[in-house]
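What follows is each chain in one-letter form.
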Amino acid sequence: MKRVFVNGYGSIGTRIVQFIKDDPQIKVIGIGKNSPDDKVNDAISRGFDVYVPEKNIALFKNYKIKGTIESALDDCDLVIDATPGGTGYANKKRLYEPKGVMAIYQGGESVSGDERVSDLLFNSRVTYKEAFGQKHVMQGSCNVTGMGRILQPLREKFGSRLVRFDAVLVRRWADLEQTSKTVPDTVEWTPNPHHGDDVKHYMGKDTPLFLQVIKVPTRQMHLHLMAVRFKDAAPKPSEILDLFKNEYGVATLWTAKGTKQIRDAAESMKFSFKDTNMIHIHAEMLESVGDTIKMAYSDDQTGIVIPENHILMQAMLFQKTYEEASRHTESLFHMDEKKKALEEFFSKK
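What you are looking at is a predicted structure, and each value in this text was computed from that prediction instead of being measured. (Residues numbered from 1 in each chain as written. Predicted model: local features only at pLDDT ≥ 70, side-chain atom pairs only at ≥ 80, totals over all residues. Heavy atoms only, no water.)

Colleague: Hey, could you go over the packing of aromatic side chains for me, with residue numbers and the actual values?
Modeller: Counted by the stated rule, this structure contains nine aromatic pairs. With a centroid separation of 5.2 Å and 90° between ring planes, the pair formed by F158 and F230 is classed as edge-to-face. Of this pair, F158 sits in helix α5 (residues 142-158) while F230 sits in strand β12 (residues 222-230), placing them 72 residues apart in sequence. For the pair F158 and F230, one class covers both residues: buried. One aromatic cluster is present, formed by F122, Y128, F132 and Y322 through successive ring pairs. A cation over an aromatic ring shows up here: K348 above the ring of W254, its NZ or CZ 4.5 Å from the ring centre. (Phe/Tyr/Trp six-rings, centres within 6.5 Å; stacked < 30°, edge-to-face > 60°. Helix = DSSP H or I, 4+ residues; strand = E, 2+ residues; numbered from the N terminus. Buried < 20%, exposed > 50% of the residue type's maximum accessible area, 1.4 Å probe, protein only. Lys NZ or Arg CZ within 6 Å of the ring centre and 35° of its normal.)

Colleague: Could you give me a rundown of the sheet that holds strand β6 (residues 102-105), with the residues and numbers involved?
Modeller: Taking strand neighbours across the sheet as the criterion, the eight strands line up as β4-β3-β2-β1-β5-β6-β8-β7 in an open arrangement whose pairing is parallel. Each end of this open sheet is capped by a strand with a single partner; those strands are β4 (67-68) and β7 (121-122). Judged from the three bridges that link them, strand β5 (residues 78-81) and β6 form a sheet pairing that is parallel. When the sheet's bridge partners are listed, L78 is paired in β6 with M102. (Pairing = 2+ DSSP bridges.)

Colleague: Just give me the short version of the nonpolar core, but keep the residues and values in it.
Modeller: Counting 99 residues, the largest nonpolar core has F5, L78, M147, I150, M226, V228 and M313 as its most contacted members. For this core, the leading source of residues is helix α9 (residues 305-318), giving eight residues. With residues near it in sequence (within four places) discarded, M313 still touches V4, I20, D23, I26, L78, I80, I104 and F318. (Core = buried A, V, L, I, M, F, W, Y, C linked by side-chain atoms within 4.5 Å. Contact = heavy atoms within 4.5 Å.)

Colleague: Report on unusual backbone geometry, specifying residues and quantitative values.
Modeller: One non-glycine residue with positive phi stands out, namely K274, at about 65°. Secondary-structure assignment places K274 in the loop between α8 (259-268) and β14 (279-282). A relative accessible area of 34% means that K274 is categorised as partly exposed. In this model, Q319 sits at a positive phi of 50°, which is unusual for a non-glycine residue. Mapped onto the elements, Q319 comes out in the loop between α9 and α10 (322-333).

Colleague: Describe the side chain of R125, with residues and values.
Modeller: Of note, R125 is situated in the loop between β7 and β8 (136-139). In this structure the side chain of R125 is engaged in a polar contact, spanning 2.4 Å, whose partner is the side chain of E247. Residues within four places of R125 in sequence aside, it is in contact with G148, Q152, P153, E156, E247 and Y322. (Polar contact = N/O pair within 3.5 Å; in protein donor to acceptor, adjacent residues only side chain to side chain.)

Colleague: Explain the packing of α9 against α10 to me, and be specific about the residues and the numbers.
Modeller: In the contact formed by α9 and α10, the axes pass within 9 Å of each other and the chain directions differ by 135°. Here α9 is positioned oblique relative to α10, judged by the angle of their axes. The two elements α9 and α10 meet at a crossing, and its hand is right-handed. Seen from α9, the contacting residues are I306, P307, H310, I311 and Q314; seen from α10, they are E324, A325, S326, H328, T329, L332 and F333. Classifying every residue of the contact of α9 with α10 gives six nonpolar, five polar and one charged. (Axes fitted to C-alpha atoms, helices over the stretch in contact; angles between N-to-C directions. Parallel < 35°, antiparallel > 145°, perpendicular 65-115°, else oblique. Left-handed = near helix turned anticlockwise from the far one by under 90°. Nonpolar A, V, L, I, M, F, W, Y, C, P; charged D, E, K, R; others polar.)

Colleague: Before we move on, can you summarise the pairing of strand β11 (residues 209-216) with the specific residues and values?
Modeller: Relative to β11, strand β9 (residues 162-172) is paired through eight bridges, and the arrangement is parallel. Residue pairing in the sheet places V168 in a bridge with Q212 of β11. Where strand β10 (residues 188-189) meets β11, two bridges bridge the pair, whose relative direction is antiparallel. Bridge pairing in β11 links E188 to K215.

Colleague: Give a description of the pattern of salt bridges that names residues and reports values.
Modeller: Summed over the entire model, instances satisfying the criterion amount to 23 salt bridges. In this structure, the salt-bridge partner of R46 is D42, at a minimum N-O distance of 3.1 Å. Given a relative accessible area of 46%, R46 falls into the partly exposed group. The shortest N-O distance in the salt bridge between E156 and R125 comes to 2.9 Å. Note that E156 is positioned in helix α5 and R125 in the loop between β7 and β8, a separation of 31 residues in sequence. (Salt bridge = Lys/Arg side-chain N within 4 Å of Asp/Glu carboxyl O.)

Colleague: Tell me about the side chain of T292, residues and numbers included.
Modeller: Looking at the element boundaries, T292 is found in strand β16 (residues 292-299). Of the residues examined, T292 reaches a relative accessible area of 13% and is grouped as buried. When residues no more than four places from it in sequence are discounted, the contact partners of T292 are A227, V228, R229, A234 and E287.

Geometric descriptors of this kind do not, in isolation, establish any biological role.
Right under this line is the structure:
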């Protein structure tokens, strides 16, 4: 049994620890908290031991903490760093490397420049085996993860017939739990977005992917609008849907009219945290026009990277086959059941 520590208890930390606590191959040491707030008691009430930075221990005198993060890492096989974006590199240098512990970082970090946390950006659909033997690996962000689930099956199926991918990422402004973060009445654009470079980091630097990114006032999900160009006549929409029919973590929805409707359906079906953990191809938006396929899919920004973290953890700790790791992840996340339920709920009338 491997011992895992989750450093951070925000959108990702709260989710991943709830799932891996039920993994019979894993012992959750506890969670790390940097600031004293209500989430400390929330974690304790859910049965998790809480550890805090040694330098901040006096700030937690009113809480029943277990000990310091530094001491937790002394008896740890792997840490999932779920701290706020941009702090992973400092944690790597100050905590994880000196302790010799393996670490998984999240999409708010970087795989380039002087403060890169890893040389590998993980996408289970593309770079699973490359995580074997690695001590520090970055999990791609929600947008970057979602694009891998679309691009890799297309590349495997159509290969040299593909000319280029043009995508507009319509990003949500804030997560559901970020109630203190204002969602303003505006649409913003992002020059030189990192998402394209991140995707090319695992797909290959010559991948003909061209992105534009805008941010809209919603908390519900991301939406990607993608045009896929072919050297010859584009496949029929039915051929594209058949390609993704059995793709893990990809649901095909016919009658959904908006991202909130999908989130509400997930809540009505008692999905954990209202998450689907998937991307959702909107079949009624799928078109074949000349040499181009036009498609739209929504991306569950709060949930899609959670099973990815679990698959990555298995690659680093156990070096399982991808098939074995996926089966084990499915036993905890039940994504096939969620996919079936969503597809039936939003089936073609």
